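# Structure at a glance
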Amino acid sequence: MQQYHDLLRRIVAEGIQKEDRTGTGTLSVFGHQMRFDLADGFPLLTTKKVHMKSIVHELLWFLKGETNIHYLAQNGVRIWDDWPYAKYKNSTAFDGISMQVFAERIAADAEFAKQWGELGPVYGYQWRSWPGRDGQAIDQISEAIHTLKTNPDSRRIIVSAWNPGYIDQMALPPCHAFFQFYVADGALSCQLYQRSADVFLGVPFNIASYALLVHMMAQATGLRPGTFVHTLGDAHIYSNHLEQVKLQLSRDLRPLPTLHLTPGITDLFAFTYADIAVNEYNPHPPIKGEVAV
């Protein structure tokens, strides 16, 4: 993952101090690209442990088209808790519970989750149920699969989460905004454009998530995984993550793990958590950092 470390070093060396909506402050650069040949190993950071369980469940949640954190909470995934909890905490219904207790209640109580666990029309909704002009929902993922199978040379195999008419209804406007698939010599590649990139906390998840998606899409379409190209707009390190970045950059890189998918699954939506495994992952210990909400 030298590519990722090069990005951290670039931001530390060249980043401009910018204010942001969270009030935390960042060091930021604009425009950066990383390329990951998936034949070299699964691009999961080794200089700090990354929670692969959260990455897998989040991607499966996106692919289900869901926008409520109930499924995530039931599976112990906490990465989206901050936004619903903040809404609950600012409501007249707030009863003083911690975010941990809030997540436990979301997991156990479907009615409570229905009321307080909704994020609005975020990624999964746009991927699977984009509102069409004629009132018909557009399943962008299914259309991408169909096109990869029937017209792999198409230059229009694009999935967008950025729907301007729905931005104000989302808990968080999509950071990874849209992605394009490309087929050459039997290999499936993907380029993601990410408008806003929290490089210390978020980007390691994004790299692994889209690499996993490429592997799954490749298996579902009879292709082999190619390259993941990650293009970033505003790539930033929050000011309260600078010490953590310094620690991470002091660590040595270790060999990348490998990804195993249950063979024979050709329906993208049939994959479950049990069908996805990362092997030979030997990272340095995790490094904690606060999410800027």
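Note that the structure is a prediction, hence the values are computed from the model and not measured.

It is worth spelling out the overall build of the protein chain at this point. Scanning the protein chain from terminus to terminus reveals 10 helices and 10 strands. In terms of C-alpha radius of gyration, the protein chain reaches 19 Å, essentially the compact-globule figure of 19 Å for 293 residues. For the protein chain, with 293 residues in total, the buried portion stands at 52%. Residue pairs at least 24 apart in sequence account for 68% of intrachain contacts in the protein chain once pairs closer than 6 positions are excluded. Each charge sign in the protein chain was given a centre, from 25 positive and 29 negative side chains, and these centres are 2 Å apart.

So, about the side chain of His5. One can find His5 in helix 1 (residues 2-14). Residue His5 is classed as buried on the basis of its relative accessible area of 2%. In this view, His5 contacts Thr47, Gln248, Leu249, Arg251 and Leu253; residues no more than four positions away in its chain are not counted.

Centre-to-centre distance and the angle between the planes together describe a pair of aromatic rings. Scanning the model with the defined rule gives 21 aromatic pairs in all. Summarising the aromatic geometry, the rings of Trp61 and Phe62 are spaced 5.5 Å apart at their centres and angled 35 degrees between planes, so their arrangement reads as tilted. Note on accessibility: Trp61 and Phe62 belong to one class, buried. Judged by centre distance (5.4 Å) and plane angle (25 degrees), the ring pair of Tyr88 and Phe102 falls under stacked. With Tyr88 in helix 4 (residues 82-89) and Phe102 in helix 5 (residues 99-108), the pair connects residues that are 14 residues apart, well separated along the chain.

What counts as what
- Residues numbered from 1 in each chain as written.
- Predicted model: local features only at pLDDT ≥ 70, side-chain atom pairs only at ≥ 80, totals over all residues.
- Heavy atoms only, no water.
- Helix = DSSP H or I, 4+ residues; strand = E, 2+ residues; numbered from the N terminus.
- Rg over C-alpha atoms; globule rule 2.2 N^0.38 Å.
- Buried < 20%, exposed > 50% of the residue type's maximum accessible area, 1.4 Å probe, protein only.
- Contact = heavy atoms within 4.5 Å.
- Lys, Arg positive; Asp, Glu negative; His and termini not counted.
- Charge placed at Lys NZ, Arg CZ, Asp CG, Glu CD.
- Phe/Tyr/Trp six-rings, centres within 6.5 Å; stacked < 30°, edge-to-face > 60°.

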